[in-house]
Amino acid sequence: MNRALQLTIGIAISAVCLWFSMRDVRPGEVIAALRQANALGFVSVVLLTVVGFWLRAFRWRWLLNTPQPVKIGSLFSATMIGFMANNVLPLRLGEFVRAWALGRTEKLSKSTVFATVVVERVVDMLTLIAIFGIAMLIHPIGSGSEAGSMVRKGATFMVLVSLGLTVFVVILERQPALAHAFVRFVTAPLPERLRDRAVGALGHFVEGLTLFRDLPRLLWVFLLSFVMFGVFVLCLTITMWAFDIHAEWYAGLVMLVITAIGIMVPAAPGYIGTMNIACMVGLKLFGVGPDKSVPFSWFYWAGQWLPVTVVGLWYLRREGLSLRSLGTADKGTT
C-alpha cells in the first residue's frame, strides 16, 4: 500500500470517527463543558503525561544492550521527538523517527535501535493485555451492548497482534540464520550492494532483541511498564474528576485499554477521531452519555497531544533539526 493511500485512509477514518463522536452534541455545548471543567485537572494531566513519557524513555534504556548505559537525556529527547512526529506528521513515522534520533545522537545502529522499539511495542501490548485481564476480572465486559462488543473485538485484535509480534521477534532472536536466509531469498533480484545492506541491517536488528535472553531485565522492563501505564490510568481518572464523572475506581484501567485499542486504528496525525470514539465507548460502559463523554474526549486528547507536541518540538529545535528532516528518518538503516 503506497503512502498516499495510507494517508487518505487514515484521514477518512478520522473524519468518520469525528462525525460519529459529534453527531449527538452541539459544538457550543462541548465548548461550554470544556470551559466548566476543572483547570487544575488539565494541568495535572499535562504534567503527568510528561512524567509518563519520561518513564517510557527510562524503560527504553533497559531495552538497549549497549556497553555503557545511554544517557536518559538522549532517550527522553528521542522519545518526545518521535511521539511528536506521530502527532503532527502522517503515516505514524514516529517509531522510525525515535530510532533515527537516538541513533544519530548516540552513534548507534538505527536498525538495532529500531528493533528495541519493536520489542517495546510487544511489551506494551502484553502489559495492556494483562491490565485488560485484571479489568475483566473486576468488571466483566459483556458483548450484549454495542460498546461492549466493540471493546471485545478490539481486545481480540490487540491479542492477535501482540502474539504475532511476539512470535516474530522470538523467531528472529532464536533463529537468526533462518531470518538471514529469508532476507537473502527476498532480496535475490536486487544488486549485490543492496542485498548486503539488507542483510547487514537485519543483523543489527537482531542485536536489538537481546532482552529475551535476560529474564531479570525482562521482568524489570515489565515492572516499569506497569508503573508507566499506571501514570496514564491516573491521567484518565483525573480527567473524569475534572468533569465530575462518578465511576467505579477501576474505570481508569478499563479506559486505558480502550484508548490503547483506539489509537491502534489507522488515523490522521495525533490519533484525532479514533481517540474521541475510544473515550466515548469506554465511558458508555459506565453509563456516561455524550454530553460528558465528548468533552471528556477532547480534554484528554488535548492533555496528551499538547505536552508531547510542545516538548517534542522544543527538543527538535535543540537538536538543530526540522520537521522536514524527519521525513527521511525511515530511510536510515545502519
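No experiment lies behind these values; they were computed from the predicted model shown.

Visitor: Help me understand the overall build of the protein chain in this model?
Guide: Secondary structure summary: the protein chain contains 14 helices and 0 strands in total. Looking at the protein chain as a whole, 49% of its 334 residues are labelled buried. The long-range share in the protein chain, meaning contacts at least 24 apart out of those at least 6 apart in sequence, stands at 75%. In the form shown here, the protein chain has an accessible surface area of approximately 16,000 Å², with 68% of it arising from carbon and sulfur atoms.

Visitor: Would you mind showing me how to read the UniProt feature "transmembrane region" (unreviewed entry) in the protein chain here?
Guide: Taken from the UniProt record, the annotation "transmembrane region" (unreviewed entry) applies to residues 39-58, 122-142, 154-172, 218-243, 250-278 and 298-316. With 100% helix and 0% strand, residues 298-316 has end C-alpha atoms that lie 26 Å from one another.

Visitor: I would appreciate a short explanation of the pattern of salt bridges in the present structure.
Guide: Two side chains of opposite charge can pair, provided their charged atoms sit close to one another. Throughout the structure, instances matching the rule amount to 12 salt bridges. Here arginine 56 makes a salt bridge to glutamate 120, at a shortest N to O gap of 3.0 Å. Placement of the pair is arginine 56 in helix α3 (residues 39-63) and glutamate 120 in helix α6 (residues 110-138), with a sequence separation of 64 residues. The same class applies to arginine 56 and to glutamate 120, which are both buried. Residue arginine 121 pairs with aspartate 124 through a salt bridge whose shortest N-O separation is 3.2 Å. Of this pair, arginine 121 and aspartate 124 both sit in helix α6, 3 residues apart, which is roughly one turn of the helix. The class of arginine 121 is partly exposed, set by a relative accessible area of 24%. On the accessibility criterion, aspartate 124 (3% relative accessible area) is buried. A cluster of three or more residues bridged by salt bridges with shared partners is formed by Arg56, Arg59, Glu95, Arg98, Glu120, Arg121 and Asp124.

About the cut-offs
Residues numbered from 1 in each chain as written. Predicted model: local features only at pLDDT ≥ 70, side-chain atom pairs only at ≥ 80, totals over all residues. Heavy atoms only, no water. Helix = DSSP H or I, 4+ residues; strand = E, 2+ residues; numbered from the N terminus. Buried < 20%, exposed > 50% of the residue type's maximum accessible area, 1.4 Å probe, protein only. Contact = heavy atoms within 4.5 Å. Areas by Shrake-Rupley, 256 points an atom, 1.4 Å probe, with all protein chains shown as cover. UniProt positions renumbered as here; feature names shortened; annotations may be inferred. Salt bridge = Lys/Arg side-chain N within 4 Å of Asp/Glu carboxyl O.

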